[in-house]
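The chain contents come next:
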Amino acid sequence: MLATKDGSVGQTYSAPQGLTGVQWFRETLTPDRTRTAIAGASGATYVATAEDIGTRLVAVGMMNGQRSVAAALAVVLDIPVLLEGFDTAGGFTATNEALLSSRSALAQGSGAVEMQGTGSRLGGPGLRKSDIGYHDPVRFGTIAQFVDLGWDPIYGTATGFDLTLSREGQEFRAPEPLLAPLFQTPQPLFFGTMWGSVHSSEIAGLQSAGAGRFGMANSVTTQVPDAPRIGVDALVARAGGRPTIIIGFDDILRTQYTEAFPYMRARNVKGGFHVAPGLIGGQNRMTVAQLREMYDAGWDCYLNGSYDDILMTDHPTLAAALADLQKVRDWAQANGMPRGNDFCCYPNGRYHVSPTRPRTFSARTYGTRIATMSDTTGIRAGMFVGGYNVPTGTTVVSVDSATQITLSTEVVAQVKAFNFNDLSSEFSYTKLPLALKAAGYKMARTTQGRGSWLSRFGIPDRGGILAPANATSNQSLEQLKADIDLTILRGETSEFYIHGLAENAAGQTDPAKFRGLIDHIVARRDAGQLDVLTKTELWMRDGNSSLPI
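The paragraphs below set out a description of the structure included in this document. Keep in mind the model is a prediction, meaning the values are calculated, not measured. (Residues numbered from 1 in each chain as written. Predicted model: local features only at pLDDT ≥ 70, side-chain atom pairs only at ≥ 80, totals over all residues. Heavy atoms only, no water.)

Considering the packing of helix H1 (residues 254-265) against helix H2 (residues 288-296)
Interhelical geometry of H1 versus H2 gives an angle of 15 degrees and a closest axis separation of 11 Å. One finds that H1 runs roughly parallel with respect to H2. As H1 packs across H2, the resulting crossing turns out to be left-handed. Residue-level contacts link Gln256, Tyr257, Phe261 and Arg265 of H1 to Gln290, Glu293 and Met294 of H2. (Axes fitted to C-alpha atoms, helices over the stretch in contact; angles between N-to-C directions. Helix = DSSP H or I, 4+ residues; strand = E, 2+ residues; numbered from the N terminus. Parallel < 35°, antiparallel > 145°, perpendicular 65-115°, else oblique. Left-handed = near helix turned anticlockwise from the far one by under 90°. Contact = heavy atoms within 4.5 Å.)

Regarding the environment of arginine 285
Tracing the backbone through its elements, the reader meets arginine 285 in the loop between strand E22 (272-275) and H2. Residues arginine 285 and leucine 253, 32 residues apart in the sequence, show an inter-C-alpha distance of 4.4 Å. With residues up to four places along the chain from it excluded, the contact list for arginine 285 reads Asp251, Ile252, Leu253, Arg254, Leu279 and Gln290.

A few points about the sheet that holds strand E2 (residues 12-14)
Read across the sheet, 3 strands follow the order E1-E2-E5 without closing on themselves; strand pairing throughout is antiparallel. Each edge of the sheet is formed by a strand with only one pairing partner; in this case those strands are strand E1 (2-3) and strand E5 (45-47). With 2 bridges joining them, E1 and E2 adopt antiparallel strand pairing. Bridge assignment links leucine 2 to a residue of E2, and that residue is serine 14. (Pairing = 2+ DSSP bridges.)

Describing the packing of helix H3 (residues 318-334) against helix H4 (residues 431-438)
The relative placement of two packed helices comes down to the angle between their axes together with the axis-to-axis distance. Across the interface, H3 lies against H4 with an axial gap of 11 Å and an inter-helix angle of 50 degrees. The angle between H3 and H4 places the two elements in the oblique class. When you trace H3 past H4, the crossing you get is right-handed. Along its contact with H3, which presents Leu318, Leu322 and Leu325, the element H4 presents Lys431, Leu432, Ala435 and Leu436. Within the contact of H3 with H4, the residues separate by chemical class into 6 nonpolar, no polar and 1 charged. (Nonpolar A, V, L, I, M, F, W, Y, C, P; charged D, E, K, R; others polar.)

Some words on the pairing of strand E29 (residues 404-407)
For strand E26 (residues 370-372) and E29, the ladder comprises 3 bridges, and the chain directions are antiparallel. Bridging across to E29, isoleucine 370 finds its partner in threonine 406. Sheet analysis places strand E28 (residues 396-399) next to E29, joined by 3 bridges and oriented antiparallel. Bridge pairing in E29 links valine 396 to leucine 407. Following E28, the chain reverses through 4 residues before pairing antiparallel with E29.

Here it is as C-alpha cells:
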C-alpha cells in the first residue's frame, strides 16, 4: 500500500491497483492485529485522520476473484510542527564570524540557509534567531533538524553540530551534539545530508520551561581550515517516526543459520545477510542451500562490498571495486536471490583511504602565490589547499623551504588556517560513497558509530550510502537494550549487525547475549512500540518519504 510523504495525518493512502469492493480498517500494532472498520471508508484512497494515529491502515477487498488484504508499512503519526523553516537568511544573526546566505531549499519551503566558516579559531560557523514563535515544549516530542554538510573532501571538517533553544534568557541544549562524527578513523569524515534528532525529554529543563516565545541557535565544531559550508533547513518538533529495528548478518558464518535463523524464525523476526560468494562453502560458512532457505523465509540478500570479503579500498581502482561489487550482485541474482541487492556494506567499515592531512593554524599570504608558515613538514607538491579565501582547486606547486610554499593561484593577503589534502588516491575521502550513490545503490552500511537515525522524512546520506550500525559483539546486552530504548524514544531507525555466534571469541556475539537482544526486540515489538523490518521493507516505507509541511 502506498502513502504520500510520511503517511501521517492528512496524507493519502492508496489501495493496490485492481482491488475492488474496498473497505478500510484501522489495525492495532500488537500481535493480535485487531482491525476496526472505518465507517464510510470504501474508496480506492483514504486520507488519514487524527483518529488513526497509532494504528496501521489496512485495505481489504477482492482481487482476481479472491479476498485480498493490503496492510501499510507506515504507522499513522501526528503531523509534525515546523519550528523554523530557514527559507531565507534574513532574520538570522551570524555567530563566530560566519557568513550567512540564502540557498535553495533542502527539505521544505522556498529556501534554506548556508553558514560558511571564515577560518576563525574562535569556533566553527554559527547562527541564531531570537524569536521562532510561541510554542509549548511539552508537545515538542522529538526535535529534528535537516543538515547538509556537502561532499567537499577539503572542507568537510565538521566534528559536531549543535542545536540550542532559548526562552527569556535561558538556554536549553542537549548533553551531546545534535550530530556527531559516526566514524572512528579518521576524524571527522562527516559528509552529506542528514536529519539530526533528539527527544525533548533529553534536554534538561526544556519540557518544564512552560509555553512562550522561543529562540534558537546552531553552532558547528570544526577542524582546520575551519571554513566549511553547511546548509540548514527545517527545524521540526513532533518529528519522531515509527521506531524501527533492522538486523543484519555479515560474513555468512554457519552459526547464523544453525542458531540465529531458527531462534528468530520461531519469534517471527526477519533479518538480512550480506553475501560474499567467495566465502560460501568454506570452513564454518553457509552453503547456497542454507542461504536460499533463509531467503525463502523472507530474509533479504544484501551484498558484501566484495566477492571475497576483501576491503573495497584494496582494489587497484575505483572501477575495479565497483566491478567486484557488481560481480556479487550478479551472483545473487543468478542464484535466485535478488531481493535486497540494492543494499551493501563496506567490509570492515572501510570506505576510503585517508592520507595524512597536514595543517597550519597561521598561514600568511600576500596577494601573491607565496604562503609562509611556521613549518611545512608533510606538505608536498600537488596537494590541494583548503582555507578561507583560497580559490577552489588551488594546489601546492612547490615546497620552497621549511617555512614557505608556492601555490598555483594567488591568495589575498591574510593570516588564516590552512589544510593540505592528497586527493590522488582512487579512494580518498568521498570518492567511493559517491561512486556507489551514482551507481544507484540505496544504502551502504559502515561498521562505526551508534546506528540510529531518523528515517521518517526520507533516507538521506546518513542512513543511505553512509549508514551507521550498532555492533553487537563489543557492547553489553544492557548497552544494546539502551540503544533500542533510545531508538523508541526518538522514533528513529537502528541497525544491528552480527557476525557469528560464539562465546569468548573476538568479533563474535555471545549466543546468550544474542538471544537476550532478540527477546528484548520481540518484547518491544509485541508491545506495539517498534517494527522489525528488512531494508527492502524500510525503503518501501521511507525511501521516498518527505517532510509533509
